[in-house]
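# Breakdown of the fold
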Amino acid sequence: MENFSKLSEGMVVRILSRLPPKSLIRFRCVRKLWYNVINSPNFVAKNLTTSKHNKFSSSTCILAKHTVLKDSNIKDRNEILEVLRDNSIETKKILLSLCNLCNDNDGDDPNLNYVVDDFTVPLPLGLLPFSLEIAGHCDGIICLNNSFLDDIVLCNPATKESKLLPKSCLLLPPRHPNDYDEIESDVNAVGFGYDSKVQEYKVVRIISFITGVHKPLPSKAEVYTIGTNSWREIKAQTESHVFWAPSFKLFLKGFYFWWASICPPEQEIILSFDMNEELFHDIYIPESVRHDIVRCNRGLAVWKESIALLAYGGDSGAQSFDIWVIDDFGVFKSSWIKYLTIGPLEGISIPLIFWKSNEFLMAATDGRLVSYNLSTQMFKYLPIHGVEDPPYIQAVVYVNSIVSVHASNKLEGINNSS
């Protein structure tokens, strides 16, 4: 330690920037110099870049949101279903589980052991499994949206930081039950990402309004930035309606994406939001996908740094997945290319994410997380299991970072985070 203290500040920065968040959090207490270095915006950005582009690591960190029973002794499926129907907060809890995966093992054992760190989502945010969703992730920060409470929380599982965002500037108080003509508001969509132009992390929220007998009014939109810790209204510029669907929302290269529809005529699309320009765009899906009555379910994923549309479905419990990719990212009227078909795969409920290019992570019908290798066509089962309906399970490729959810300083040098 004495020799280490004699190193130049530049050398200290180079060494510390390669360390994981857990170590850096501890080392902030060693010396005042280290505390100032680790908390500086330049160092945070340098450490983040190192984490995202570490060529010497063969592992990938997966963060999964799933529900578990507080009583681990309950094994019978009927008992599990009975507990899930019980809305009591005493019976179950929602976890964010960090799992380090490695696909270097080409052995025949599909049940590999991984170290998993679990974080319990605090109440009341984690009150009901179906009301909580990961509404985006970027640079180690996870955005959690509770549709039941209209609460949004930003958290960094690596540093254990969390922050409840201020209340909306557009949402109206609940309508009186007997006043049918009063305007009622509802959150239609939430997204989270990074604006490289002003170097700020942002949350976007679309709010819909109805009056009378469900008569729709123009939607409104608002944006929150960490730096100002406040919401401001922006021009909505879209009348698309965002649908809830498993694994159909993500942030990539400055854009956030949702599954939506426009009418008239009724037509499904991908709605995108440009974090830099704060503009909405409609992306039309392939005609053959729209009219496919077998693969009628949709999903979104990142495939080799591009947006991929997953059209999936099947008969007799076997799902097939068609992977479509936009041929020119950013030109939204460009054509789609059908890249490949995966399956049919037995016992699979929904797609989740791709990792390491050739690994396809999915949720099985029994709630287990399973990774399918596209080359070997072998399954690997992760030690993560959800007891809720599989569509409520979510997963993201997670980047460990020390980016603070409270920071007001801009992180220079971060470009198009994904």
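Because the structure is predicted, anything quoted here is derived from the model rather than measured. (Residues numbered from 1 in each chain as written. Predicted model: local features only at pLDDT ≥ 70, side-chain atom pairs only at ≥ 80, totals over all residues. Heavy atoms only, no water.)

## A look at the overall build of the protein chain
Within the protein chain, the secondary structure is distributed over seven helices and 25 strands. The 418 residues of the protein chain split such that 50% are buried. Considering only contacts within the protein chain whose residues lie at least 6 apart along the sequence, 54% involve residues at least 24 apart. (Helix = DSSP H or I, 4+ residues; strand = E, 2+ residues; numbered from the N terminus. Buried < 20%, exposed > 50% of the residue type's maximum accessible area, 1.4 Å probe, protein only. Contact = heavy atoms within 4.5 Å.)

## So, the layout of surface pockets
One simple way to see leftover space: roll a probe sized like a water molecule over the atoms. There is about 740 Å³ of room inside the second largest pocket. Considering the residues around the second largest pocket, the lining is formed by 37 residues, among which V187, N188, A189, H241 and V242 are closest to the centre. Counting residues per element, the ones that place at least two in the lining of the second largest pocket are β4 (132-138), β8 (184-195), β9 (200-211), β10 (215-225), β12 (241-242) and β14 (255-262). It is β8 that provides the largest number of residues to the lining of the second largest pocket, a total of five residues. Split by residue class, the lining of the second largest pocket holds 19 nonpolar, eleven polar and seven charged. (1 Å grid on protein atoms, 1.4 Å probe; cavity = no way out; pocket = protein on both sides within 12 Å on 5 of 7 lines; lining within 4 Å. Points joined across faces, edges and corners; volume = space filled by probe spheres on them. Nonpolar A, V, L, I, M, F, W, Y, C, P; charged D, E, K, R; others polar.)

## Quick notes on unusual backbone geometry
Of all residues except glycine, most have a negative phi; of all peptide bonds, most are trans. Of the consecutive residues G343 and P344, the connecting peptide bond is found in the cis state with omega at 15 degrees. With respect to the helices, strands and loops of the structure, P344 is situated in strand β20 (residues 336-346). The backbone phi angle of K304 is positive, close to 50 degrees, even though this residue is not glycine. Judged by relative accessible area, K304 falls into the partly exposed class, the value being 48%. For Q377, which is not glycine, the phi dihedral falls at a positive 60 degrees. What makes Q377 exposed here is its relative accessible area of 55%.

## Side note on the sheet that holds strand β5 (residues 141-146)
Taken in spatial order, the four strands line up as β4-β5-β6-β7 in an open sheet, and their pairing is antiparallel. Each edge of the open sheet carries a strand with a single partner, namely β4 and β7 (161-164). Strand-to-strand twist across the sheet, computed as the mean angle between neighbouring axes with direction ignored, equals 20 degrees. As defined by bridge partners, β4 adjoins β5 across five bridges and the pair is classed as antiparallel. Counterpart to L132 in the pairing with β5 is N146. (Pairing = 2+ DSSP bridges. Axes fitted to C-alpha atoms, helices over the stretch in contact; angles between N-to-C directions.)

## Concerning the pairing of β4
For β4, the tally of buried residues reaches seven of seven residues, placing the bulk of the element in the interior. Adjacent in sequence and paired antiparallel, β4 and β5 are bridged by two residues, among which D139 carries a positive phi angle near 55 degrees.

## Observations concerning helix α4 (residues 32-39)
Within α4 the residues assigned to the buried category are W34, V37 and I38. Along the axis of α4, the buried positions cluster into a sector of 95 degrees, meaning they face one direction only. (Arc of directions from axis to C-beta.)

## Considerations on the packing of aromatic side chains
In this description, an aromatic ring pair is defined by two values, namely the gap between the centres and the angle between the planes. Using the criterion set out here, one finds 16 aromatic pairs in the structure. Residues W244 and Y392 carry aromatic rings whose centres are separated by 5.6 Å and whose planes lie at 40 degrees to one another, so their mutual orientation is tilted. On the criterion of sequence distance, the pair formed by W244 in the loop between β12 and β13 (249-252) and Y392 in the loop between β24 (379-385) and β25 (394-398) is long-range, its members being 148 residues apart. The ring centre of W231 lies 4.1 Å from the NZ or CZ of R205, which sits over that ring. A cation over a ring is seen here: K220 above F209, with NZ or CZ 5.6 Å from the ring centre. (Phe/Tyr/Trp six-rings, centres within 6.5 Å; stacked < 30°, edge-to-face > 60°. Lys NZ or Arg CZ within 6 Å of the ring centre and 35° of its normal.)

## A closer look at the environment of A301
In this fold, A301 is placed in strand β17 (residues 297-303). By relative accessible area, A301 is classed as buried at 3%. Considered as a pair, A301 and L252 are 49 residues apart in the sequence and their alpha carbons are 9.6 Å apart. If near-sequence neighbours (up to four positions away) are discounted, A301 is found in contact with L250, S306, I307, A308, L310 and F354.

## Some remarks on the confidence of the model for the protein chain
Averaged over all residues, the pLDDT of the protein chain equals 79, while 78% of them reach at least 70. Considering each helix and strand of the protein chain separately, the mean pLDDT is smallest for helix α1 (residues 2-5), with a value of 52, and largest for strand β11 (residues 230-234), with 93. (pLDDT = per-residue confidence, 0-100.)

## Some remarks on the environment of Y256
With respect to the helices and strands, Y256 occurs in strand β14. Sequence separation between Y256 and D274 is 18 residues; the distance between their C-alpha atoms is 6.8 Å. Residue contacts for Y256: discarding those within four places in its chain leaves A135, G136, V190, G191, F192, K249, L250, F251, L271, S272, F273 and M275. A polar contact of 2.8 Å, which involves the side chain of Y256, links it to the backbone oxygen of A135. (Polar contact = N/O pair within 3.5 Å; in protein donor to acceptor, adjacent residues only side chain to side chain.)

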